[in-house]
Amino acid sequence: MQQTNLKFTFLKRVLLTTSAFAILGTGAAIPKFISPIVSAASDAESAKAVSSKLSLTQDGVTLKLSDVFYDGTRLSFSIEREGKNLPEGVMSLYLPIDAKASKSLKKYMVPEKDQKKGYVKSPEVLIDGKKLKSFLEFGEKVSQKNTVKAEYNQLGSLPDDFEMTVQVGVTRISKPFEFKVPVKKDSSAVSVKPNTTQKSGSFSYTVKQLDITSHTTRLVLDSEGQVPASSQQTGKYAPSMMYYDIVDDQGKTLQQRKVGFYNSKPKTKYHIDELYSAIGSRPQYVTIKPYTLTVNPSNWSIVGQGKGADGKHKNGDKTYIKELEMKIPVPAQ
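Below is a short write-up of the structure. (Residues numbered from 1 in each chain as written. Predicted model: local features only at pLDDT ≥ 70, side-chain atom pairs only at ≥ 80, totals over all residues. Heavy atoms only, no water.)

Some remarks on the side chain of S76
Mapping S76 onto the fold places it in strand 5 (residues 74-83). The exposure class of S76 is buried, given its relative accessible area of 3%. (Helix = DSSP H or I, 4+ residues; strand = E, 2+ residues; numbered from the N terminus. Buried < 20%, exposed > 50% of the residue type's maximum accessible area, 1.4 Å probe, protein only.)

Concerning the pairing of strand 6 (residues 124-127)
As judged from the four bridges shared by strand 6 and strand 10 (residues 161-170), these two strands associate in the antiparallel manner. In the sheet register, I127 faces strand 10, and the bridge partner there is M164. Two elements, strand 6 and strand 7 (residues 130-131), share two bridges in a ladder whose sense is antiparallel. Looking at strand 7, one finds that I127 is bridged to K130. The antiparallel hairpin formed by strand 6 and strand 7 contains two residues in its connecting segment, where D128 sits at a positive phi of about 50°. (Pairing = 2+ DSSP bridges.)

Focus: the nonpolar core
Ranked by internal contacts, the top residues of the largest apolar core, which has 35 residues, are Y205, L219, Y244 and I288. If you list the elements that add at least two residues to this core, you get strand 12 (190-192), strand 14 (203-212), strand 15 (216-224), strand 17 (243-248), strand 19 (269-277), strand 20 (285-296) and strand 25 (326-329). (Core = buried A, V, L, I, M, F, W, Y, C linked by side-chain atoms within 4.5 Å.)

Regarding the sheet that holds strand 7
Spatially, four strands are ordered 7-6-10-11 in an open sheet, and the strand pairing comes out antiparallel. In this open sheet, the two strands that pair with only one neighbour each are strand 7 and strand 11 (173-184).

Section: the pairing of strand 8 (residues 135-140)
Most of strand 8 is tucked away, with five of its six residues classed as buried. Two elements, strand 8 and strand 9 (residues 147-153), share six bridges in a ladder whose sense is antiparallel. Pairing of E140 across the sheet is with V148, part of strand 9. Between the antiparallel neighbours strand 8 and strand 9 lie six residues, among them N146 with a positive phi of about 60°.

On their own, these measurements won't tell you what the molecule is for.
This is how it looks when you write it as structure tokens:
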């Protein structure tokens, strides 16, 4: 999915697992109530990123670009803000004056001259001089004060080496900050294109691509047909759309970055392009484990979702479909 304009329909989307990013289109601002970023990178991962900071100062505000990383599936960087008498939050709360927003969001539509100085706006990125059209996740980093992180997914076909230009606006400062940095693809990445299909009844899915990098794991597949139902998913209950866990050769289940639920009847065709946590050392194989959630067709809510007895949020129970499991070998080199 490519998203280059601000759309408020995403507020209706339920994230079953949190990526802790604010999700928005390139060039847009977003209100403060969206969750901040939680940095998931380990010290080892951070060491592999471009950590030297590029610094620019305008009108008493300094921005520092750092932690640039690109592995073919994800392009990310951090922006640290410094200065005196700046607002507590870093990411801009303001919406464009001409944005189509609900009444509750109108208060964020403030003319530039009336905005507080020092909020960092959503960045615009150029790759070798051409605007990057990609899905952007942007928000504040909990692990680093006064810092925001931008992450671009579903990048299309980018070269292994390129010059990245990052243009960042700051409220009440007329000229955007502009950084230029050379970027090189992480050489440890491996891509597998099995084009293998598994079927159960009228449902089938084909894994098109599996990308394994030091930061993330990416799964790309196409599915078709009606999702199979278990004995508990009949009568007043039904299965959700199909979801997919990835399990490495040591039995560890990778954490999916975002699991979306749309409170609607499942479609019969899906193109899935999802990111998961990094595997670590390269496995001999991974296993794709498809599953569904049980839903109530009267409102398509998830059965069992909510706060559990232990006080923790539950996303409902997974129903795995054993006959749809797929083992994908990973080449050593």
